[in-house]
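Analysis of the macromolecular model
Each chain is listed here by its residues.
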Amino acid sequence: MMKNSLLKLSIIALLFTSCAKNETTTDTSLKYSFSAINLNSTLSATASASGVVVAAGTNGSINWTGVSVNVSKLEFTASHGGTTKSVEIKNLNSVNALKPDSLSGKVALTSGVYEKLQFKLTMAESASNPPFILTGTYIEASGTKIPVVVQLNQSQLINLEAARLEVDKGTYIAKVTLELNALVKGLVTSDFGQTVRTGANNTIVVNSTTNRALYEKLTGRLASTASISIVKQ
């Protein structure tokens, strides 16, 4: 009889301890979202005048109407309680960045203070599903509209940092914002104007094999478009 009582007490204690541990390790979650802003910007013959945000349809501008981000891996690293916490999320789906705060994946955290937050976004090379796709229209100074399709079809890596963060129980969102006007800052009209055109509608297709010079300029500016902020949901 005594043995049975001791066994029951041991089981109850074990269950209580297990529940307590689960509560402390899953009381907070961090989700990730992607949003694209500043979709319409100037494209001027003067490099310093390019990249200014304007109204859609303005002559002498680039207007983006489709943005797809395919993040294959996201790494989160931060200092918490004197130790370094590192979490990795793989196989994230393509995100429509024109849908406000498109959510993509989450990690479990414990409450407390996090410092030295670092986010590494890896967009892996894929022939069937390019890491980053932009579609839109280049409007010449004369008003002529030319379709544009940009496919950054080689691996891309973006490193982001966030300030000290103190979290309570609940859900937080790490908002990755892409300011697309930064893509054409420093570029000029000839970068788009002097390009190979494709198809009956003279589409400007930009990828690693077509219009390579423009591809390299846009690829080199991709990281400068991204920033991150963390808010409680």
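Let me begin by describing the structure that accompanies this report. Predicted model only: the values in this text are computed from it and were never measured.

Counting residues in each nonpolar core, the largest one holds 54 residues, and the members touching the most others are Leu30, Phe76, Phe119 and Phe192. In terms of residue count, the dominant contributor to this core is strand 8 (residues 112-123) (five residues). Sequence-distant contacts of Phe76, that is, excluding residues within four places in its chain, are made with Leu30, Tyr32, Lys85, Ser86, Val87, Leu109, Tyr114, Leu117, Gln118 and Phe119.

Before going further, it helps to examine the packing of aromatic side chains. If you walk through the whole model with that rule in mind, you get three aromatic pairs. Geometrically, the ring pair formed by Phe76 and Phe119 is tilted, given 5.3 Å between the ring centres and 45° between the ring planes. Here Phe76 is found in strand 4 (residues 73-80), whereas its partner Phe119 is found in strand 8, with 43 residues between them in sequence. With respect to burial, Phe76 and Phe119 carry one shared label: buried. The interplanar angle of 40° and the centroid separation of 5.8 Å between the aromatic rings of Tyr138 and Phe192 together place this pair among those described as tilted. Of the two residues, Tyr138 sits in strand 9 (residues 132-139) while Phe192 sits in helix 2 (residues 189-193), which places them 54 residues apart along the sequence. Classification of Phe192 as buried rests on a relative accessible area of 0%. One aromatic cluster in this structure is built from Tyr32, Phe76 and Phe119.

Under the defined criterion, the tally for this structure stands at three salt bridges. Across the salt bridge formed by Asp191 and Lys217, the nearest N and O atoms sit 2.6 Å from each other. Placement of the pair is Asp191 in helix 2 and Lys217 in helix 3 (residues 212-222), with a sequence separation of 26 residues. Judged by its relative accessible area of 34%, Lys217 is partly exposed. We note a salt bridge from Glu216 to Arg212, for which the minimum N-O separation is 2.9 Å. Note that Glu216 and Arg212 are positioned in helix 3 at a spacing of four residues, about one turn of the helix. Looking at Glu216, the relative accessible area reads 46%, which means it is partly exposed.

Here we take up the pairing of strand 3 (residues 61-70). Burial of strand 3 is extensive: eight of the 10 residues sit out of reach of the surface. Sheet topology places strand 2 (residues 40-42) next to strand 3; three bridges connect them, and they run antiparallel. Across the sheet, residue Asn40 finds its bridge partner in strand 3, namely Asn63. Here eight bridges tie strand 3 to strand 9, and the two strands are oriented antiparallel to one another. By the bridge assignment for strand 9, Ser61 is matched with Ile139.

Calculation criteria
Chains are numbered independently. Their residues run from 1 in the order of the written sequence. It should be noted that, the model being predicted, local features are given only for residues of pLDDT at least 70 and side-chain atom pairs only at 80 or more, the latter also being counted only at that level, while totals for whole chains, interfaces and linings use all residues. The side-chain values count all of the structure's non-hydrogen atoms but skip hydrogen atoms and water molecules. To define a nonpolar core, start from buried Ala, Val, Leu, Ile, Met, Phe, Trp, Tyr and Cys residues and group those joined through side-chain atoms within 4.5 Å. Under the scheme applied here, a residue whose accessible area is under 20% of the maximum for its type counts as buried, over 50% as exposed, and between as partly exposed, the area being computed with a 1.4 Å probe on protein chains only. Numbering goes from the N terminus for both helices and strands, where a helix is a DSSP run of H or I of at least four residues and a strand is a run of E of at least two. Any two residues whose heavy atoms approach within 4.5 Å at even a single point are treated as in contact. Here a Phe, Tyr or Trp ring, Trp counted by its six-membered ring, pairs with any other such ring whose centre lies within 6.5 Å, and the pair is stacked when the planes are under 30 degrees apart, edge-to-face when over 60, and tilted otherwise. In what follows, salt bridge is the name for a side-chain nitrogen of Lys or Arg lying within 4 Å of a carboxyl oxygen of Asp or Glu. The criterion for strand pairing is that DSSP finds at least two bridges linking the strands in question.

Keep in mind these numbers describe shape, not what the thing actually does.
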